[in-house]
Amino acid sequence: MAPYTSTATLFRRDAGGGVSLGTRTARKVRHHEIGELAGLLKHMGETQARAVDALLAGSIQVLGLDEVRERYAADWARLEARIGEIVETFIASRLGKQDLLIPLGTQQFAIVFAELSRDEARAQARKIAGQLANHLFGQVPHGELISVEGLAMTLDELEGLDEVTSVEDLVRCFKAAQDRQRGREVEAIEAAQSQLGFRFWPTVNVSKRMISIYECAATRDGPDGASMLAPDDPVIPASGDGRSEFDLLVLQEAGTHLGSLGGLMHKALLMVPVHFETLAARYHRTAYVEALKELPGAGERRLILKIEGLPDGTPNTRLRQIVTSIKPLVMGTVWQVEPDFAHFQALEGLHALGIALDGRRVARLERLEKLVATASRAGLRPFLGAIGTTDAATTACRLGFRYLNGRALAPMLHRPGPACRLA
C-alpha cells in the first residue's frame, strides 16, 4: 500500500457540529466545504497577517505517532494509510468550533486550540491522545503511544505570508516557521552559554547529617552573583526540541564532574535535572540515552536524574517505558512534583528513589505534611530544594523531608565535592 498522504490540509468544525476541510486536488471538493474554504481565503486575501495571527493566537499542540510507528513497524506499511485517515477524522470530531487541525506529515498533527490557555490546551491534547489511542487499539493503556508537544510561535516567526494564496500554502508556511523556530531556539541556547553558568547545591541527608548529593542547577550571572534559572526563564526553550538541547547541555556539563565526587569511602552522588518531555518523546529520549552512555565515570552508580514537569495523570505504563530505557545508565530517578500531587500509583514499580519539590513553588510548607507522609509510606524519599530561610529548613525537617538544599543551608558551589558529615 502506498504511504499515507493527507487528504486534507485543514479540518474545522462547522456551526452545525460537522467537520469541514480544505482539500487537495486528489479529491473532489464537497459542496458543504466550498463556503468554509472560500470564506477563509477571502479573509486571508483582505489581511493575511490578521488571519495567521488569529491562528497562532491559540495554543498549539502537536500530536505525534512516532511511538505507534515504532511499536507496529512490521505492519506499518499496511496500517499507515488507514490510521492516518482515522486520526484526522477522530481528532477533528473533538475540536471546538474555532479550533483547527493541521496535518503536518511524518505522523504529526498540529492542533490549534483557539480559546484555551497553554496549560488547558496541553491537558485537552493529552485527553484526546488517550482517547485516540483507545479508539485505535481498544480500551488498553496505549495512551503513551501518542506523543503531545506544545509549541509557542509568534507572527514574527512566519515568513512568506505574501505568497499564501491557499490553505495548503498556509500549512507549508506554518511548517517552515516551526522548523525555523526550533532552529532559533537551539541558536539561542548556544548564544546564551556566555550568560549561563552551572552550580551545585550541596544536598543534606537530614537523618545522617551529611552532604551526600550535589544537585546541578543552571544559573544566570547577575549583579548579586549567580542565581538559579526560574522555571519560566526565557533562556529555557518552549519547544520539545529546544528543551531537549538544553537538557543535553546540562547533562554534559554536569557529567564532566562525575570523576570528582570523592574517593571510595567518601563518594557523593550527582543529581541532574531533565524535563519529562525530553524523555517522553522517543527521538529526544534516544539522544539523551546516547549522551548518558558517553559520560565519563560511573553514571550507573553515581548519577541521579531529577525528572521535572511530570504531567498529572500520566499512566504508570508510560513511566515504566521511560525508566526501562534509562535505568541501566543511572543510579535512580527522583520525580519532581507539584505540592498538590496525589498520583502515587503512577510511580509504583519504577524503583524511584524519591519525589522532589521546588521550594520556590511552595507557598506554605505546612500543607505538605500529608504529601510527605504518603511518599514515605510508598518508599519514596522526599526532597525539598531551593530553601530560602532557616525557618523553612526547620519546618521541612519537622515534616519529614529526607533531603534538603538551598541557600539557607549552604551556598551553591562551582563544582561538586565528596560526601562529608556535618559538624
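In this text, all values refer to a predicted model and were calculated from it rather than measured experimentally.

**Side note on the pattern of salt bridges**
(1) Moving on: Overall, the coordinates contain nine salt bridges when judged by the stated rule.
(2) Moving on: In this structure, the salt-bridge partner of E215 is K306, at a minimum N-O distance of 2.5 Å. Here K306 lies in strand β11 (residues 303–308) and E215 lies in strand β8 (residues 210–222), a separation of 91 residues in the sequence.
(3) Moving on: For E215, a relative accessible area of 7% puts it in the buried group.
(4) Moving on: For R361, the salt bridge is made with E338, and the minimal N-O distance between the two is 3.4 Å. Placement of the pair is R361 in the loop between β13 (354–358) and α12 (369–377) and E338 in the loop between β12 (332–336) and β13, with a sequence separation of 23 residues.
(5) Moving on: Residue classification places R361 among the partly exposed positions, given a relative accessible area of 43%.

**Describing the pairing of strand β10 (residues 269–275)**
(1) Moving on: Among the seven residues of β10, seven are classified as buried, and the element is accordingly described as predominantly covered.
(2) Moving on: Across the two faces of β10 the burial is the same, with L269, M271, P273 and H275 and L270, V272 and V274 all buried.
(3) Moving on: In this structure, β10 lies alongside β11, joined through six bridges in parallel fashion. Bridged to H275 within β11 is E308.

**A closer look at the packing of helix α9 (residues 282–293) against helix α11 (residues 316–326)**
(1) Moving on: At a minimum axis distance of 10 Å, the contact between α9 and α11 shows a crossing angle of 30°. As summarised for this structure, α9 and α11 are arranged roughly parallel, according to the angle between their axes. Residue-level contacts link R285, V289 and L292 of α9 to R318, Q321, I322, S325 and I326 of α11.
(2) Moving on: Residues belonging to the contact of α9 with α11 are distributed by class as follows: four nonpolar, two polar and two charged.

**Topic: helix α13 (residues 390–399)**
(1) Moving on: Among the residues of α13, those classed as buried are A392, A393, T395, A396 and L399. Projection of α13 onto a plane perpendicular to its axis shows the buried side chains occupying an angular sector of 165°, all on one side. For α13, the exposed residues lying more than 90 degrees away from the buried face are T390, D391, T394 and R398.
(2) Moving on: Among the structural elements, α12, β14 (381–385) and β15 (403–404) are those in contact with the buried residues of α13.
(3) Moving on: Directly beyond the C-terminal end of α13, a positive phi value near 105° is found at G400.

**Quick look at the packing of helix α4 (residues 76–92) against helix α5 (residues 118–137)**
(1) Moving on: Across the interface, α4 lies against α5 with an axial gap of 11 Å and an inter-helix angle of 135°. Between α4 and α5, the interaxial angle falls into the category oblique. For α4 against α5, the interelement crossing comes out right-handed. Across the interface between the two elements, I83, I86, V87, F90 and I91 from α4 touch I128, Q131, L132, H135 and L136 from α5.

**Observations concerning the environment of K306**
(1) Moving on: When its relative accessible area of 9% is taken as the criterion, K306 is described as buried.
(2) Moving on: Separated by 35 residues in the primary sequence, K306 and M271 have C-alpha atoms spaced 6.4 Å apart.
(3) Moving on: In this structure, K306 is in contact with E215, M271, V272, P273, V274, V334, Q336 and A356, ignoring residues within four places of it in sequence.
(4) Moving on: A distance of 2.5 Å separates the side chain of K306 from the side chain of E215, its partner in a polar contact.

**Points about unusual backbone geometry**
(1) Moving on: One non-glycine residue, R209, lies in positive phi territory at about 50°.
(2) Moving on: The exposure class of R209 is partly exposed, given its relative accessible area of 47%.
(3) Moving on: Its identity as a non-glycine residue notwithstanding, A386 has a phi of 55°, on the positive side.

**As for the packing of aromatic side chains**
In this description, a pair of aromatic rings is defined by centroid distance and the angle of the planes.
(1) Moving on: By the definition in use, this model includes two aromatic pairs.
(2) Moving on: Ring centres of F341 and F344 lie 5.1 Å apart, and the angle between their planes is 70°; on these two criteria the pair is classed as edge-to-face.
(3) Moving on: F341 gets classed as buried once you look at its relative accessible area, which sits at 12%.
(4) Moving on: The exposure class assigned to F344 is buried, which follows from its relative accessible area of 12%.
(5) Moving on: Ring geometry for F383 versus Y403: centroids 4.5 Å apart, planes at 10°, classification stacked. One end of the pair, F383, is in strand β14; the other, Y403, is in strand β15, and 20 residues separate them in sequence.
(6) Moving on: Here the guanidinium or amino end of R94 rests over the ring plane of F90, the centre of that ring lying 3.7 Å away.

**Some thoughts on the environment of V274**
(1) Moving on: Residue position: V274 is located in strand β10.
(2) Moving on: Accessibility expressed as a relative area gives 0% for V274, which makes it buried.
(3) Moving on: Residues V274 and Q336, 62 residues apart in the sequence, show an inter-C-alpha distance of 10.0 Å.
(4) Moving on: Setting aside residues no more than four positions away along its own chain, V274 makes contact with D247, L279, Y288, L305, K306, I307 and E308.

**Some points on the confidence of the model for the protein chain**
Predicted coordinates in areas of low pLDDT are best not read in detail.
(1) Moving on: For the protein chain, the mean per-residue pLDDT works out to 77, and 76% of the residues sit at or above 70.
(2) Moving on: Per-element confidence in the protein chain ranges from a low mean pLDDT of 30 for strand β2 (residues 19–23) to a high of 98 for β15.
(3) Moving on: Between residues 1–51, whose pLDDT stays under 50, and residues either more than four places distant or in other chains, the model counts 98 contacts.

Rules behind the numbers
Numbers given to residues run from 1 along each chain, matching the order in which its sequence is written. Where totals are concerned, whole chains, interfaces and linings use all residues; where local detail is concerned, this predicted model gives features only for residues with pLDDT of at least 70, and gives and counts side-chain atom pairs only at 80 or more. Here the side-chain values reflect all heavy atoms present in the structure, with hydrogen atoms and water set aside. Any Lys or Arg side-chain nitrogen found within 4 Å of a carboxyl oxygen on Asp or Glu counts as a salt bridge. Counting from the N terminus, the helices are DSSP H or I runs at least four residues long and the strands are E runs at least two residues long. Only protein chains enter the accessibility calculation, which uses a 1.4 Å probe; a residue whose area is less than 20% of its type maximum is buried, one above 50% is exposed, and one in between is partly exposed. Strands were regarded as paired on the criterion that DSSP finds at least two bridges between them. Under this scheme, a helix contributes an axis fitted over its contacting stretch, all axes are lines through C-alpha atoms, and angles between N-to-C directions fall in the 0 to 180 degree range. By the definition adopted for this analysis, an angle is roughly parallel if under 35 degrees, roughly antiparallel if over 145, roughly perpendicular if from 65 to 115, and oblique otherwise. Any two residues whose heavy atoms approach within 4.5 Å are treated as being in contact. For this classification, the nonpolar set comprises Ala, Val, Leu, Ile, Met, Phe, Trp, Tyr, Cys and Pro, the charged set comprises Asp, Glu, Lys and Arg, and every other residue, Gly included, is treated as polar. Working note: the arc is built from the helix axis to C-beta atom directions. Crossings are assigned a handedness: left-handed for a near helix turned anticlockwise from the far helix by less than a right angle, right-handed for a clockwise turn. Two N or O atoms count as a polar contact when they lie within 3.5 Å, although within protein this holds only if one can serve as hydrogen donor and the other as acceptor, and sequence-adjacent residues are included solely when both atoms are side-chain atoms. Aromatic pairs are defined between Phe, Tyr and Trp rings, using the six-membered ring for Trp, whenever the two ring centres lie within 6.5 Å; interplanar angles under 30 degrees are classed as stacked, those over 60 as edge-to-face, and all others as tilted. Cation placement over rings: the criterion is NZ of Lys or CZ of Arg within 6 Å of the ring centroid and within 35° of the ring normal. pLDDT measures how confident the predictor is about each residue, on a scale from 0 to 100.

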